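# Secondary and tertiary structure notes
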Amino acid sequence: MRPVVVAGVGMIPFERRDEDSLVDMLAMAGWNAMEDAQLGDRSIDAVYVGNMASGLFNHQESVASALVDRLGLMPAAAERIENGPASGGSAVKNGFLGVASGFYDIVLVVGGEKMREVIGPKATDVVACMTHPQAEYIYGVTLPALAGMFTRLYMEKYGVTHEHLAMVAIKNQENGLLNPYAHIQMKITMEGILTHPQAHINSPIVADPLRLYDCCPVSDGAAAILITTEEIAQKLKRPIVTIAGVGQATDTHTLQERSDPTDLRAVRISSQQAFKMAGLKPKDIHVAELHDAFTILEIAESEHVGFFSKGKGAKALADGETRIDGKLPINPSGGLKARGHPVGATGVAQIVELVWQLRGEAGERQVKDASNGFSLNFGGFGNNVLAFVLRREA
Amino acid sequence: MEISRHWRLKRQRYALIGEVCPHCQKKIFPPRDICPECSEDARTLYQFSGRGEVYSYTTVYQAPSGYEANAPYTVALVKLVEGPMLTAQLTDLGDEPIEVGMPVEMVTRKLRSDGERGMLVYGYKFRPRLIEASE
């Protein structure tokens, strides 16, 4: 395998974007990544689009073909990659394989989702379509419902409290205020979302014990990376950030089939694979983007990835270790909680944030002296997970 | 029409019929024909008793389209006495507080109705156990 470099990154702000279609958003993000890479007259060999549900959300399929046409990249190869909320991560992995194998030299990976074209309950329904149709979906199971049952078990087993969950939301929304691409630009307090007698008005229950501020928003958005070989990257005169490790693992389709439903097996295995490939350990990571679609997930993932031992993630959070100025900053971008979670965009947006952090281009939310980054993109309810290690080369 | 999508599941939805693996005796629900334990062929039908206990639960206040009329409703992981876990709504709760470990039993109830001209979909839900059955 050849080394693979992220030579260009680009995003558009995640928010409700009524003026843009899905393909408009993919094109803008893709354009920004190509501009960032300063490709000159080099041509792109292939385009991978991470997108979960353009058919159900936007009544449009084959969006990768639409995107190459829109950007004028023909005859580049083009495919849409679907892997639920890890569609973006899967698109990155496929682009990586294309370059690493020697089959392609320059690949554009774009992730995007336009969810706000449908009303809220419909968006909840579309996302719930990834659950088991016979064993889960028909009983009114939603992703927040699965996360709610998981949270109840995790709180009981490891002593995680409602305050810990709120701390994730407060930290990530504070970070979001420093990120112009973040959907939610609002400071929240423990009193306002949890401890005040009327806090339930601000943060009503979605699927108990999860409240509104424990859940990521429903967003429109797109993110893109341009990846290439080391040889070409050196000619582009951008800082060299390589995709040093890639991991992917699956688990049972349903939560009910896991012998211990609090064990995120696919998170553990995919992370171990990525670290092994990069020749690094969790303690070598300087900045991480985790998949906090629900606050509990940031805590649980930080343990399963290996940053903290089981049951210690909440304490590390409470001690401030995961703040931007802490020992291991987690989700300096604001994470899914504040940046937003246009499902197919997330896995790519995480890589974009890491590249900005490792290049030192993250502005007010810059993590000091970061040269190794980690991202985790969690598909389904943990049944298909991708992990990446990125490294800034000297 | 999507009638066949529901019709073909009538045994599992109405009678809690799953499978038992003839090779390793694992009880399987919902049926899947390939044993998740030993990966062997497993097509022997097996009817579950419908008794179990609540393993975890959540009350859903923000329902997806198609379920808004039912909200709030409680979804639970129910561990059947035969071993497997399944996911279902709890019903007939009255004022009884839900607790992990609460004994429950299967009943057949309406799951959703898709409008005046749409289908009525029935299936299993679980209620607090009325009588302690002798095993």
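Preceding block: the structure.
A few points on the structure. Here the structure is a predicted model, which means the values were calculated and not measured. (Residues numbered from 1 in each chain as written. Chains lettered and ligands numbered in written order. Predicted model: local features only at pLDDT ≥ 70, side-chain atom pairs only at ≥ 80, totals over all residues. Heavy atoms only, no water.)

## Digging into the overall build of chain A
To keep things clear, this is the line we draw: The numbering of helices and of strands both runs from the N terminus, where a helix is a DSSP run of H or I of at least 4 residues and a strand a run of E of at least 2. We take the radius of gyration over the C-alpha atoms and set the globule estimate at 2.2 Å times the residue count to the 0.38 power. For each residue, the accessible area found with a 1.4 Å probe, counting protein chains only, is set against the maximum for its type, and the residue is called buried under 20%, exposed over 50%, and partly exposed in between.
Looking only at helices and strands, one finds 15 helices and eleven strands in chain A. Compactness check: chain A gives a C-alpha radius of gyration of 19 Å against a globular reference of 21 Å for 394 residues, within 12% of the reference. Dimensions of chain A, computed from C-alpha atoms along their principal axes, come out at roughly 60 × 45 × 40 Å. Expressed as a percentage of the 394 residues in chain A, the buried residues total 66%.

## Quick notes on the overall build of chain B
Selection rule: We call two residues in contact when some of their heavy atoms are within 4.5 Å. Surface exposure here means Shrake-Rupley accessible area, sampled with a 1.4 Å probe, where a residue is shielded only by the protein chains that are shown. In this charge count, Lys and Arg are treated as positive and Asp and Glu as negative; neither His nor the chain ends contribute. Each charge is placed at NZ for Lys, CZ for Arg, CG for Asp and CD for Glu.
When helices and strands are tallied, chain B shows two helices and eight strands. In sequence order, the secondary structure elements of chain B are arranged as α-α-β-β-β-β-β-β-β-β. Here chain B holds 135 residues, and 46% of them are scored as buried. For chain B, restricting intrachain contacts to residue pairs at least 6 apart in sequence, the fraction spanning at least 24 positions comes to 49%. Within the structure as shown, chain B displays about 7300 Å² of accessible surface, and the carbon and sulfur contribution to it stands at 48%. Taken as two groups, the 18 positive and 18 negative side-chain charges of chain B have centres that lie 6 Å from each other.

## As for the packing of helix α7 (residues 162–176) of chain A against helix α12 (residues 295–304) of chain A
Residue and element names in this part refer to chain A. Here is the rule we go by: Fitting a line to C-alpha atoms yields each axis, with helices limited to the stretch in contact; the angle taken between N-to-C directions then spans 0 to 180 degrees. Put simply, angles under 35 degrees are roughly parallel, angles over 145 are roughly antiparallel, angles from 65 to 115 are roughly perpendicular, and the rest are oblique.
It is at 8 Å that the axes of α7 and α12 come closest, and there the two elements cross at 100°. It follows that α7 is roughly perpendicular to α12 by the angle criterion. Between α7 and α12, the contacting residues are His-164, Leu-165, Val-168, Ala-169, Lys-171 and Asn-172 on the first element and Thr-295, Ile-296, Glu-298 and Ile-299 on the second.

## Considering unusual backbone geometry
Cis peptide bonds are those with omega within 30 degrees of zero, and the linkage from Met74(A) to Pro75(A) qualifies with 5°. Cis peptide bonds are those with omega within 30 degrees of zero, and the linkage from Ala71(B) to Pro72(B) qualifies with -5°. As for its position among the elements, Pro72(B) is in the loop between β4 (51–60) and β5 (73–80). Of note in the backbone geometry, Lys237(A) takes a positive phi value of approximately 60° without being a glycine.

## Side note on the interface of chain B and chain A
Note the threshold: What gets called buried area is simply the loss in accessible area from a 1.4 Å probe that two parts show on being joined, summed for both. Gly is placed with the polar residues, together with every amino acid not listed as nonpolar (Ala, Val, Leu, Ile, Met, Phe, Trp, Tyr, Cys and Pro) or charged (Asp, Glu, Lys and Arg).
At the interface, 34 residues of chain B touch 27 residues of chain A. In total, about 2700 Å² of surface goes out of reach between chain B and chain A, with carbon and sulfur atoms giving 58% of it. Ranking the residues of chain B by area buried against chain A places Thr58(B), Gln62(B) and Thr87(B) at the top, with a combined share of 18%. When contributions to the side of chain B that touches chain A are tallied by element, the ones reaching two or more residues are α2 (10–15), β4, β5, β6 (85–90), β7 (103–113) and β8 (120–128) of chain B. If you tally residues by element for the side of chain B that touches chain A, the top one is β4(B), at six residues. A breakdown of the residues in the side of chain B that touches chain A according to their chemical character gives 21 nonpolar, nine polar and four charged.

## Some thoughts on empty space enclosed by the protein
Residues and elements named next belong to chain A. Note the following rule: Cavity: a set of points on a 1 Å grid over the protein atoms alone where a 1.4 Å probe fits but cannot get out. Pocket: an open set with protein on both sides within 12 Å along at least five of seven lines, its lining residues, like those of a cavity, having an atom within 4 Å of a point. Grid points are joined across faces, edges and corners, and a volume is the space filled by probe spheres set on the points.
According to the stated counting rule, one finds three cavities of 30 Å³ or more in the structure shown. Looking at the lining of the largest cavity, the elements that each hand over two or more residues are α7 and α8 (190–195). A per-element tally of the lining of the largest cavity places α7 first, with three residues. Here the lining of the largest cavity is built from residues that sort into six nonpolar, two polar and two charged. Roughly 50 Å³ of volume is contained in the second largest cavity. Lining the second largest cavity we find Met-130, Thr-131, Glu-136, Leu-143, Leu-146, His-253, Gly-380, Phe-381 and Asn-383. Of the residues contributing to the lining of the second largest cavity, the split by class is four nonpolar, four polar and one charged.

## Re helix α3 (residues 63–71) of chain A
Residue and element names in this part refer to chain A. For the record, the criterion: What the arc covers is the set of directions going from the helix axis to the C-beta atoms.
Among all positions of α3, only Val-63, Ala-64, Leu-67, Val-68 and Leu-71 are buried. The buried residues of α3 all sit within an arc of 140° when viewed along its axis, so they share a single face. Where α3 is buried, its residues contact α1 (22–37), β2 (46–50), α2 (54–58), β3 (77–81) and β4 (106–114). The first or second residue beyond α3 is Gly-72, which carries a positive phi of 70°.

## What about the pattern of salt bridges?
Applied cut-off: We define a salt bridge as a side-chain nitrogen of Lys or Arg found within 4 Å of a carboxyl oxygen belonging to Asp or Glu.
Overall, the coordinates contain 35 salt bridges over all chains when judged by the stated rule. For Asp251(A), the salt bridge is made with Arg258(A), and the minimal N-O distance between the two is 3.5 Å. The same class applies to Asp251(A) as to Arg258(A), namely buried. Among the ionic pairs, Arg43(B) bridges to Asp33(B), the shortest N-O distance being 3.8 Å.

## Observations concerning a nonpolar patch on the surface
All names here are of chain B. Here is the rule: Each patch groups residues whose relative accessible area exceeds 30% and which form no salt bridge, using 9 Å between like charges and 5 Å between nonpolar side chains of Val, Leu, Ile, Met, Phe, Trp and Tyr.
Residues Tyr-14, Leu-120 and Tyr-122 make up a contiguous nonpolar surface patch of about 310 Å² in total accessible area. You can see Tyr-14 is positioned in helix α2. Tyr-14 gets classed as partly exposed once you look at its relative accessible area, which sits at 46%.

## Side note on the pairing of β2(A)
Residues and elements named next belong to chain A. Put simply, the rule is: A pair of strands is treated as paired once DSSP finds two or more bridges between them.
Burial of β2 is extensive: five of the five residues sit out of reach of the surface. By the alternation rule, side chains of β2 split into Ala-46, Tyr-48 and Gly-50 and Val-47 and Val-49, which are all buried. As defined by bridge partners, β2 adjoins β3 across five bridges and the pair is classed as parallel. Residue pairing across strands places Gly-50 opposite Ile-81, the latter belonging to β3. The pairing of β2 with β4 spans five bridges and is parallel. Within β4, the residue paired with Tyr-48 across the bridge is Val-109.

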